[in-house]
Amino acid sequence: ETEAKYTKKLQVLRDELDLRRKTEIHEVEERKNTQIDELLRNHEKAFADMKNYYNDITLKNLALIDLLKEQVAEMKKRQNQLEKEKTDVLLQNKQLKEPLQQAQEQLFELQKKLAHYDKDKMALMNTKARLKVTQKELKDLQWEHEVVEQRFRKVQAERDELYQKFTKAIHEVQQKTGFKNLLLERKLKGLLEVLEKKEVELNEVLAASNLDPVAVSLVSNKLKDVLDSKNTTIENLQQELARVCKAHNDLLQTMEAKLTAFGIPLDNLGFKPLAIPVPGR
């Protein structure tokens with residue numbers, strides 16, 4: 001009974017194990033088929049992707065080849081243009097050779113001038129310093145000029161007053177000395193007649209004394225030289241006076257122009273600048 005029981009259990013177990021084996025084999029086969037189908041799909045997809053990839057590479061290479069061909073043609077065209085430009089540039093260089101030489105010479109001259117720049121700069125600084133001193137002196141002179149002008153106006157007023165008194169006194173003296181003047185005029189007329197007689201007598205004495213004409217000529221020339229020298233001195237003094245008067249008037253004009261430029265009325269000076277008439281005008 002026990003043997004029959006275990007034989008039966010063994011048979012049942014064997015049937016179950018056989019069923020389980022068949023089930024597992026079926027599942028394994030199904031999984032295997034699924035994997036095969038998936039591998040086939042993956043391989044087909046990979047093949048299609050690879051095919052598309054290489055097709056794209058081929059198309060890109062063809063496009064690149066066409067582009068490179070166009071670039072080669074463009075570069076050849078550019079090379080021809082550059083060759084032409086090179087010829088033109090060589091021609092221009094040949095034409096500009098002489099101006100370049102002139103420019104180099106000018107550069108050499110400018111460098112020589114630049115070498116004296118420091119010296120000129122120092123001279124300019126010294127000139128500016130002297131200009132400041134001169135401007136200060138000009139301000140001092142203007143102040144002194146203003147004071148002198150005020151004094152001049154005061155003196156001028158006193159002069160006018162004295163002139164009026166002098167004119168009045170002259171009229172009185174003229175009335176008193178009218179008769180004396182008449183006598184003096186007659187006396188002067190008589191003296192002139194005497195002078196003419198003396199000159200005639202002198203000429204007669206010179207003619208009678210038979211003086212050497214050379215000596216007379218030397219005396220005359222010496223007298224003429226003295227007179228010419230005096231006349232020259234007078235002319236020089238007149239020119240110097242005219243120059244000083246013109247410089248004074250120019251200074252007044254400059255001062256008025258500066259006051260006008262700064263918007264300062266001339267009435268604010270408190271006095272009227274005196275313009276000196278230039279002799280000879």
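Only a predicted model underlies this, so the values are computations on that prediction, with no experimental measurement involved.

### Things to note about the overall build of the protein chain
Okay, step 1: Per the secondary structure count, the protein chain includes three helices and zero strands.
Okay, step 2: Each helix (α) and strand (β) of the protein chain, taken in turn from the N terminus, gives the series α-α-α.
Okay, step 3: Burial analysis of the protein chain (281 residues in total) assigns 4% to the buried set.
Okay, step 4: Contacts in the protein chain between residues far apart in sequence, at least 24 positions, make up 74% of those at least 6 positions apart.

### Let's talk about helix α1 (residues 2–115)
Okay, step 1: Under the 1.5 Å per step criterion, the end-to-end length of α1 is only 136 Å for 114 residues, more than 12% shorter than the ideal 170 Å.
Okay, step 2: Roughly 40 degrees is the biggest bend found in α1, and it falls at lysine 97, with proline proline 99 one to four residues downstream.

### Considering the pattern of salt bridges
Side chains that differ in sign of charge can pair as their charged atoms come close.
Okay, step 1: Counted by the stated rule, this structure contains five salt bridges.
Okay, step 2: The shortest N-O distance in the salt bridge between aspartate 18 and arginine 21 comes to 2.4 Å. Remark: arginine 21 and aspartate 18 occur in helix α1; sequence separation between them is three residues, near one turn of the helix.
Okay, step 3: Relative accessible area serves as the criterion here: at 42%, arginine 21 is assigned to the partly exposed category.
Okay, step 4: Taking the shortest distance from any N to any O, the salt bridge between aspartate 140 and lysine 136 comes out at 3.5 Å. Of this pair, aspartate 140 and lysine 136 both sit in helix α2 (residues 117–209), four residues apart, which is roughly one turn of that helix.
Okay, step 5: Through salt bridges that share partners, Asp18, Arg21 and Lys22 make up one connected network.

### Here we look at the packing of aromatic side chains
Okay, step 1: Summed over the entire model, instances satisfying the criterion amount to one aromatic pair.
Okay, step 2: Between tyrosine 53 and tyrosine 54, the ring centres sit 5.3 Å apart and the planes meet at 75 degrees, which makes this aromatic pair edge-to-face.
Okay, step 3: Taking relative accessible area as the criterion, tyrosine 53 reaches 49% and is therefore assigned partly exposed.
Okay, step 4: Residue class for tyrosine 54 comes out partly exposed when judged on its relative accessible area of 47%.
Okay, step 5: Of note, lysine 9 hangs over the ring of tyrosine 6, and the distance from its end group to the ring centre comes to 5.2 Å.

### Section: the confidence of the model for the protein chain
Okay, step 1: Across the protein chain, the average pLDDT comes to 77, with 71% of residues at or above 70.
Okay, step 2: For the protein chain, α2 is the element with the lowest average pLDDT, namely 70, and α1 is the one with the highest, namely 89.

### A short note on a nonpolar patch on the surface
Okay, step 1: Judged by side-chain polarity, Met50, Tyr53 and Tyr54 come together as a nonpolar surface patch covering roughly 360 Å² of accessible area.
Okay, step 2: Note that methionine 50 resides in helix α1.
Okay, step 3: For methionine 50, a relative accessible area of 48% corresponds to the partly exposed category.

### Some remarks on a negative patch on the surface
Okay, step 1: Negative charge collects at one region of the surface, where Glu24, Glu27, Glu29 and Glu30 lie side by side.
Okay, step 2: Residue placement: glutamate 30 occurs in helix α1.

Rules used throughout
- Residues numbered from 1 in each chain as written.
- Predicted model: local features only at pLDDT ≥ 70, side-chain atom pairs only at ≥ 80, totals over all residues.
- Heavy atoms only, no water.
- Helix = DSSP H or I, 4+ residues; strand = E, 2+ residues; numbered from the N terminus.
- Buried < 20%, exposed > 50% of the residue type's maximum accessible area, 1.4 Å probe, protein only.
- Contact = heavy atoms within 4.5 Å.
- Expected span 1.5 Å × (residues − 1).
- Bend = angle between axes of the 7 residues up to and from the residue.
- Salt bridge = Lys/Arg side-chain N within 4 Å of Asp/Glu carboxyl O.
- Phe/Tyr/Trp six-rings, centres within 6.5 Å; stacked < 30°, edge-to-face > 60°.
- Lys NZ or Arg CZ within 6 Å of the ring centre and 35° of its normal.
- pLDDT = per-residue confidence, 0-100.
- Patch = residues over 30% accessible without salt bridge, like charges linked within 9 Å, V, L, I, M, F, W, Y side chains within 5 Å.
- Areas by Shrake-Rupley, 256 points an atom, 1.4 Å probe, with all protein chains shown as cover.
- Lys, Arg positive; Asp, Glu negative; His and termini not counted.
- Charge placed at Lys NZ, Arg CZ, Asp CG, Glu CD.

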